[in-house]
Amino acid sequence: MVRTGTNVKPKKKKSKFRKEDLPLYVMASPTLVYLLIFSYAPMCGLIMAFQNFNIQKGIFRSPLVGFKNFEFLFTTSDAWIITRNTVCYNVVFIIVNLIISVSLALMLSNLRSGLYAKTMQTIYMMPYFLSYAVVAIIVNAFLHRDHGVVNSILRSLGQPGKTNWYHQIKIWPPLLVFVNAWKHVGYQTVLYLAVISSISVDYYEAAVLDGATKWQQARYITIPHLRYIIGISLILSMSSIFRGDFGLFYTVTMNSGMIYPVTDVIDTYIYRALTYLNNVGMSTAAGFYQSIVGFFLVLIVNSIVNKIDPDSAMF
Amino acid sequence: MANEVKHVNKLTMLSKGWNAVFMVILFIVALLVLIPMLLVIIVSFSSEMSIADNGYSFFPSEWTLDGYKYLFKTGDQLLDSYIVTIFHSLTGTLMSLTVMTMFAYVIAQKSFRHCKLFTWILFFTMLFSGGLVPSYILNVRYLHINNTIWIFLLPSLVNAYYTIILRTFIRTTIPDTLFEAARIDGAGHFRIYASIVLPLFKTGIATVGLFSMVSRWNDWFTGMLYIQNPKLVPLQTLLTKIQNTIDFLKQNAAIAGTPDGVTFLRQLPDENMRMACTMMVVLPILFAYPFFQRYFVQGLTVGSIKG
């Protein structure tokens, strides 16, 4: 393992190899080997998207079938539905979370009591540490058909209260946006708050001397300072716009089939194609589609950002 | 920094009215965050009778410790799951940190001739990946690490994002001149890494270590996809399993309605036990987190610096 690092690489430009660099190759080798096996080998495994994969024959001997798997995927309406759901939910998540967390951070940073702000911050971040397994149980405690809080309240209002919420398509889009915000807003708020507290006091002093109101300070000092970090996190989230949050869309919805039209995203589709249908070819094809489109999206977003504001670009 | 903040507040103090309005809004948001979690706590202490009568309620008619008692009496599976989860969270984090800090040290060396190349090899995996299925086939068909403890340790060994954060930490906290001075004094890279870098950047390691530990503790997906052996089911997966099994059996038993089904259902874990189990999964992290909050905030900020 170590030898590949030290022997192969220097051969190309032998003159530049320095002996004291040897430890660097040794230190890098575990990660390089890891990346080769667990990151780059699966990339080559995408070839399965073009195979009629058979687990006995394995990847080297399964027959190639060209674009059959893709035809199968794209001739149904599934491909369109999962793409629409994945992208739309992510766009809404990004916008909603950004608005809420920037507003919360602005409010927190202006409070008179630091202790109050600190306490709120600690509370807001709690859901970030819960897994979706736990979040799903919490949501279920509200929506459960027999014991759930929502149906209990409906019953106490004289309604029948027998609705199975896991069959109701209408409630899920707003509910998923809420659950996602509930889990992630705290984290982002804390991030923006950290940036705000690092803004130099001088700006605010100067603004006060010039008679700026609190709103003007927020508008002309704080928000412009947040632009860079908002840009970075927007780019990062844009680059994963083609990835659905599996935990949210699978466990929180209890994988309920009735609501797939509004809850099925690319990731849940791949998982079900793999585990329920055992269709390795098609699930890899869906994964291939996700990886390729996602990759080009990152490149496009990054080159646009590079044109507008090179400092915020990723690479 | 605390002083600065105070200073700003004094200078540009928010008017009392707006301060009150903000406090109320922020308090309502805090309630929205806390109430769902509070419900789980209350249900875990509610008696079965009260759940059967009023459903999950914030005001149960009867309080009890039965959920927890029952959980600990029949808790062999819970104990196994605790052991697996604690073991793989700790070991996995230690292994990851060792491997990642070494690589971060290498790509933090601007003078190293493969610095750019190695960074790109790492960074590219953040942009493009084979996805779930090829990894699954690799782990199951070729590496045969499914249903073993290795599935928790190996595939998650290196996280590209954390490694880049670690590199940024090294670059921003340790000045280049310090490296050069050590080189001139004849220290090799191993020596510099072990006796200068590691001690100087404890905060960076703590930050990434905590993030890594939390995500391992919260991982339910690996267990669901790869583990059949009950001895190796981690806590979070156990939780989803309990949830799904109860719902599945209840629906089926209702259809069948056989006497056998009814007796079987009686022996099933109760609703309050399910919530008690949830509490046992969540508590360690929620208790530990306020103490480590400082590190998380730091990690968030450094993570957003472009390196």
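Residues numbered from 1 in each chain as written. Chains lettered and ligands numbered in written order. Predicted model: local features only at pLDDT ≥ 70, side-chain atom pairs only at ≥ 80, totals over all residues.

**Examining the overall build of chain A**
- Of the regular secondary structure elements, chain A holds 15 helices and 0 strands.
- The globule rule puts the C-alpha radius of gyration for 315 residues at 20 Å, and the 25 Å found for chain A is more than 25% above it.
- By its C-alpha atoms, chain A is 70 × 70 × 35 Å across when sized along the principal axes.
- Considering chain A as a whole, with its 315 residues, one finds that 38% of them fall into the buried category. (Helix = DSSP H or I, 4+ residues; strand = E, 2+ residues; numbered from the N terminus. Rg over C-alpha atoms; globule rule 2.2 N^0.38 Å. Buried ≥ 20, exposed ≤ 12 C-beta atoms within 10 Å, placed from the backbone.)

**Observations concerning the overall build of chain B**
- Check the secondary structure of chain B and you find 16 helices and 0 strands.
- Expressed as a percentage of its 307 residues, the buried residues of chain B come to 37%.
- For chain B, the share of sequence-separated contacts (at least 6 apart) that also reach a separation of at least 24 residues comes to 71%. (Contact = placed C-beta atoms within 7 Å.)

**Overview of the confidence of the model for chain B**
All names here are of chain B.
- Per-residue pLDDT for chain B has a mean of 84; in total, 85% of the residues score no lower than 70.
- Mean pLDDT values for the elements of chain B range from 50 in helix H1 (residues 2-11) up to 96 in helix H8 (residues 150-153).
- For this predicted complex, the interface confidence score (ipTM) comes to 0.85, while the overall pTM stands at 0.87. (pLDDT = per-residue confidence, 0-100.)

**Focus: the interface of chain A and chain B**
- At the junction of the two partners, chain A supplies 81 residues and chain B supplies 83 residues.
- Tallying contributions element by element places helix H2 (residues 22-44) of chain A first for the side of chain A that touches chain B, with 14 residues.

**Remarks on the environment of B:Phe103**
- Tracing the backbone shows B:Phe103 in helix H5 (residues 76-108).
- A tally of 29 C-beta atoms within 10 Å means that B:Phe103 is categorised as buried.
- Along the chain, B:Phe103 and B:Ile164 lie 61 residues apart, while their C-alpha atoms are 9.4 Å from each other.
- With sequence-adjacent residues up to four places away left out, B:Phe103 is seen in contact with A:Met27, A:Ala28, A:Thr31 and B:Thr163.

**Here we look at unusual backbone geometry**
Residues and elements named next belong to chain B.
- We note that His144 has phi near 50°; this positive angle belongs to a residue other than glycine.
- Within the fold, His144 resides in the loop between helix H7 (132-142) and H8.
- By C-beta crowding, His144 is classed as exposed, having 10 other C-beta atoms within 10 Å.

**Details of the environment of B:Tyr56**
- Tracing the sequence through the fold places B:Tyr56 in the loop between helix H3 (48-54) and helix H4 (66-73).
- Once the C-alpha coordinates of B:Tyr56 and B:Pro284 are considered, the two residues, 228 residues apart in sequence, prove to be 24 Å apart.
- Once residues within four sequence positions are removed from consideration, B:Tyr56 is found in contact with A:Ala141, A:His144, A:His147, A:Gly148, A:Val149, B:Leu39, B:Val43 and B:Ile51.

**What about the confidence of the model for chain A?**
Residues and elements named next belong to chain A.
- Averaged over chain A, the pLDDT score is 87; the fraction of residues at 70 or greater is 94%.
- Per-element averaging of pLDDT across chain A places helix H1 (residues 2-12) at the bottom with 44 and H2 at the top with 95.
- With pLDDT under 50 throughout, residues 1-15 is counted as low confidence; its partners more than four residues away or in other chains account for 12 contacts.

**So, the domain arrangement of chain A**
- Under the domain assignment, chain A is made up of domain 1 (2-50) and domain 2 (69-312).
- For domain 1 of chain A versus domain 2 of chain A, the separation of C-alpha centres amounts to 36 Å. (Domains from an automatic or database assignment.)

**Considering helix H11 (residues 214-239) of chain A**
All names here are of chain A.
- Over its 26 residues, H11 extends 35 Å from the first C-alpha to the last, a length consistent with the 38 Å expected when each residue adds 1.5 Å.
- If you look at H11, its biggest bend is around 35°, right at Arg227.
- Residues of H11 that are buried: Thr222, Ile229 and Ile230. (Expected span 1.5 Å × (residues − 1). Bend = angle between axes of the 7 residues up to and from the residue.)

**Quick word on the environment of B:Gln228**
All names here are of chain B.
- Relative to the helices and strands, Gln228 is located in the loop between helix H13 (221-226) and helix H14 (235-256).
- Note on Gln228: 9 C-beta atoms within 10 Å, which makes it exposed.
- Sequence separation of Gln228 and Asn146 is 82 residues, and the distance between their C-alpha atoms is 8.8 Å.

**Side note on the packing of H5(B) against helix H12 (residues 202-217) of chain B**
All names here are of chain B.
- Where H5 meets H12, the axes come as close as 9 Å, and the angle between the chain directions of the two elements is 140°. It follows that H5 is oblique to H12 by the angle criterion. Note that H5 runs across H12; the crossing there is right-handed. Listed contacts from H12 to Thr85, His88, Ser89, Gly92, Thr93, Ser96, Leu97 and Thr101 of H5 are Ile205, Val208, Gly209, Ser212, Met213, Arg216 and Trp217. (Axes fitted to C-alpha atoms, helices over the stretch in contact; angles between N-to-C directions. Parallel < 35°, antiparallel > 145°, perpendicular 65-115°, else oblique. Left-handed = near helix turned anticlockwise from the far one by under 90°.)

**Some remarks on the packing of helix H6 (residues 114-125) of chain A against helix H9 (residues 172-197) of chain A**
Residue and element names in this part refer to chain A.
- Relative orientation of the contacting elements H6 and H9 amounts to 140°, with a least axis distance of 7 Å. In terms of orientation, H6 and H9 fall into the oblique class. On H9, the residues touching Gln121, Tyr124 and Met125 of H6 are Val185, Gly186, Tyr187, Thr189, Val190 and Leu193.
- Class assignment for the residues of the contact of H6 with H9 results in 6 nonpolar, 3 polar and no charged. (Nonpolar A, V, L, I, M, F, W, Y, C, P; charged D, E, K, R; others polar.)

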